[in-house]
Amino acid sequence: MPIENHSLLNEFPEYKEQIHDLKIHDNHFRRLFDEYHFLTNEIENIEKEIVLASTMEEEEFKKRRLHLKDTLHDMLRKAKAAEETA
């Protein structure tokens, strides 16, 4: 099974500027961003069999990452909308 690139910039290239700005100016976004990338790295290591984990643990990591991705996307969407109305 090929491992896809799940970096936030790859997932949401249209929000490149907002990702950069929020990482610098919003501590909450930065914390969620860091957690998202930590989970992505852990999942990739599990898929490459570098780290051993049960299927249940892997699925839990993927669910947490998906929840973070949804939260981050919402924050990015709102930031872009705020910029467009300013």
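**Student:** What exactly am I supposed to notice about the confidence of the model for the protein chain here?
**Tutor:** Should the pLDDT be low somewhere, the predicted coordinates at that spot are not to be read in detail. This prediction gives the protein chain a mean pLDDT of 94; 97% of its residues lie at or above 70. For the protein chain, helix 1 (residues 8-11) is the element with the lowest average pLDDT, namely 93, and helix 2 (residues 16-25) is the one with the highest, namely 97.

**Student:** Explain helix 3 (residues 27-47) here, please?
**Tutor:** Think of an α-helix as turning once every 3.6 residues; residues three or four places apart then point the same way. Taking 1.5 Å as the rise per residue, helix 3 with 21 residues should run 30 Å; its terminal C-alpha atoms sit 30 Å apart, in good agreement. Among all positions in helix 3, only F29, L32, F33, Y36, H37, L39, T40, I43, E44 and I46 are buried. The N-cap of helix 3, judged by a side-chain oxygen 3.0 Å from the amide nitrogen of H28 a few residues on, is D26.

What counts, and where the lines are drawn
Throughout this description, residue numbers start from 1 for each chain and increase along the sequence as written. Local features in this predicted model are restricted to residues of pLDDT 70 or higher, and side-chain atom pairs are both shown and tallied only at a pLDDT of 80 or more, whereas totals for entire chains, interfaces and linings draw on every residue. Side-chain metrics rest on all non-hydrogen atoms present in the structure, leaving aside hydrogens and water. Here pLDDT means the predictor's own confidence in every residue, given as a number from 0 to 100. Going along the chain from the N terminus, every DSSP run of H or I of four or more residues is numbered as a helix, and every run of E of two or more is numbered as a strand. Each residue after the first adds 1.5 Å to the expected span of a helix. In this scheme, a residue with accessible area under 20% of its type's maximum is buried, one over 50% is exposed, and one in between is partly exposed, where area comes from a 1.4 Å probe on protein chains only. Two N or O atoms count as a polar contact when they lie within 3.5 Å, although within protein this holds only if one can serve as hydrogen donor and the other as acceptor, and sequence-adjacent residues are included solely when both atoms are side-chain atoms.

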